[in-house]
Amino acid sequence: MSVVTVERKVLEKNDELAQLNRELFKKHGTFVINLVSSPGSGKTSLLEKTLEHLNGRVKVAVIEGDVQTDLDAQRVAKFDVPVVQIVTNGGCHLDARLVQDALGKMELGGINLLVIENVGNLVCPAGYDLGEAMKVVIASTTEGDDKPLKYPAMFRNASVLVINKIDLVPYLSCNLAELRANALRINPNLAVFETSCTTGSGVREWSEWLITEAGTTSR
Amino acid sequence: MHELSLAENILEIVRESVSSNGGGRLKSVKVRIGELAGVVPDSLDLCFTALTKGTELENAKLDIERCGIVAHCRDCGIDSVVEGMTFKCPACGSGNIKVISGNELQVMEIEVDDECSNS
Ligand SMILES: Nc1nc2c(ncn2[C@@H]2O[C@H](COP(=O)(O)OP(=O)(O)O)[C@@H](O)[C@H]2O)c(=O)[nH]1
Ligand SMILES: [Mg+2]
Ligand SMILES: [Zn+2]
């Protein structure tokens, strides 16, 4: 009987591929965000609103991740931006290889901002680096104000929190201040935005912040 | 549900380690999983058992070592255990902390029966 020391990361392969993606993004000066949330929090809606606000000012490309269908890619394609749909066929998260494959179907040259919409899930995508510059987590008011405490890894690994569906606050028992405080308890460094994709409130602040960030980081 | 793909990754690493050690029968695998790794140990164990069933690794035991969350304060330099999911330095109150333990997801070691007969 012998004990053999291994000490290898379970996700080492993914981390290696993510690093390759990251180098590719750097080479093209593309700023990349990994958009994560529960299903239905408004990832695609926020992306649509952001594209509408940016109105072609920066070159954006999109990778859509879904368990099934290319419905989200169809929504985004209306904005005349390059979009590649990844269908995971049951997979609960995107990984660096799926993104690498998608990048093979896309011209990154000239793209300032790449948005990767992850599969709706607050658990699994947290551990998978895709090579992005930052994770942006959306929490919508309909999910309640306790989600950061229930899914700490995601909020800890994200750099930005967008609180969406603030138009619905009057109809819910969700306390915005409490939601914000819970998120900051997990991650005091989170940049926080409040948006409504229905009224458009907060979309400008978020979008402008995003392109400033994209501009400063890719240089 | 990503425990299934994690179990696959673990088995890949295990198989490589067993063969680079000259073969033998796998008795157990020790993995280290941080509280922040987003992994449900029971699901991982279930997936591990399901994937090894009927293979040369059948009956190997998955040993899961959990590690709590420890943070290092960049302001006062103190390391502390994060309790109740409050990521703040208990000594100076700063939120400028770095998680130094809690994200682990690692295959630590394997235990192999070398004198495994060929019968
Ligand atoms: N009232 C309201 N509904 C929203 C808002 N944002 C998204 N929705 C709705 O929420 C549902 C899910 O949005 P979607 O963008 O598909 O979410 P995703 O699954 O995260 O991509 C859709 O019916 C949207 O119209 C919002 O700010 N306010
Ligand atoms: Mg969507
Ligand atoms: Zn301190």
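Up top is the structure these notes are about.
Definitions and limits used
Residues numbered from 1 in each chain as written. Chains lettered and ligands numbered in written order. Predicted model: local features only at pLDDT ≥ 70, side-chain atom pairs only at ≥ 80, totals over all residues. Heavy atoms only, no water. Phe/Tyr/Trp six-rings, centres within 6.5 Å; stacked < 30°, edge-to-face > 60°. Helix = DSSP H or I, 4+ residues; strand = E, 2+ residues; numbered from the N terminus. Buried < 20%, exposed > 50% of the residue type's maximum accessible area, 1.4 Å probe, protein only. Donors = N, O, S within 2.8 Å, 3.2 Å for Na, K, Ca; no water. Near = heavy atom within 4 Å. Polar contact = N/O pair within 3.5 Å; in protein donor to acceptor, adjacent residues only side chain to side chain. Areas by Shrake-Rupley, 256 points an atom, 1.4 Å probe, with all protein chains shown as cover. Nonpolar A, V, L, I, M, F, W, Y, C, P; charged D, E, K, R; others polar.

Undergrad: Would you explain the packing of aromatic side chains in this entry?
TA: Geometrically, a pair of aromatic rings is defined through the distance of the ring centres and the angle of the planes. All names here are of chain A. A complete count under the given rule lists three aromatic pairs over all chains for this structure. Arranged with centres 6.4 Å apart and planes meeting at 25°, the rings of Trp 206 and Trp 209 form a pair that is stacked. Within this pair, Trp 206 and its partner Trp 209 are both found in helix H8 (residues 203-217), separated by three residues, close to a single helical turn. Residue classification places Trp 206 among the buried residues on the basis of a relative accessible area of 2%. Residue class for Trp 209 comes out partly exposed when judged on its relative accessible area of 25%. Linked through ring pairs, Phe 193, Trp 206 and Trp 209 together constitute an aromatic cluster.

Undergrad: How should I be thinking about the coordination of the magnesium ion (ligand 2) in this particular structure?
TA: Around a metal, the idealised angle for a tetrahedral arrangement of four donor atoms is 109.5 degrees; for an octahedral arrangement of six donor atoms it is 90 or 180 degrees. Residues and elements named next belong to chain A. Coordination of the magnesium ion (ligand 2) by the protein comes from Thr 44 (OG1), Asp 72 (OD) and Glu 117 (OE), over a distance range of 2.1 Å. Read in sequence order, the donor residues for the magnesium ion (ligand 2) give the motif T-x27-D-x44-E. Taken as a pair, Thr 44 in helix H2 (residues 43-54) and Glu 117 in strand E5 (residues 113-117) lie far apart in primary sequence, 73 residues in all. A residue is classified by how much of its surface remains accessible, and Thr 44, at 5% relative accessible area, is buried. Glu 117 sits in the buried class, given a relative accessible area of 3%.

Undergrad: Would you take a moment to explain the site of ligand 1 for this structure?
TA: All names here are of chain A. Taken together, 17 residues form the shell around ligand 1, and within it Lys 43, Thr 44, Ser 45, Asp 167 and Cys 197 come nearest. Ser 45 places a side-chain nitrogen or oxygen 2.6 Å from an oxygen atom of ligand 1. Between ligand 1 and the protein, one listed contact pairs a nitrogen atom with a side-chain N or O atom of Asp 167 at 2.7 Å. Across the complex, the protein chains shield 70% of the 580 Å² of accessible surface that ligand 1 would expose by itself. No other element matches H2, which puts three residues into the shell around ligand 1. Split by residue class, the shell around ligand 1 holds three nonpolar, nine polar and five charged.

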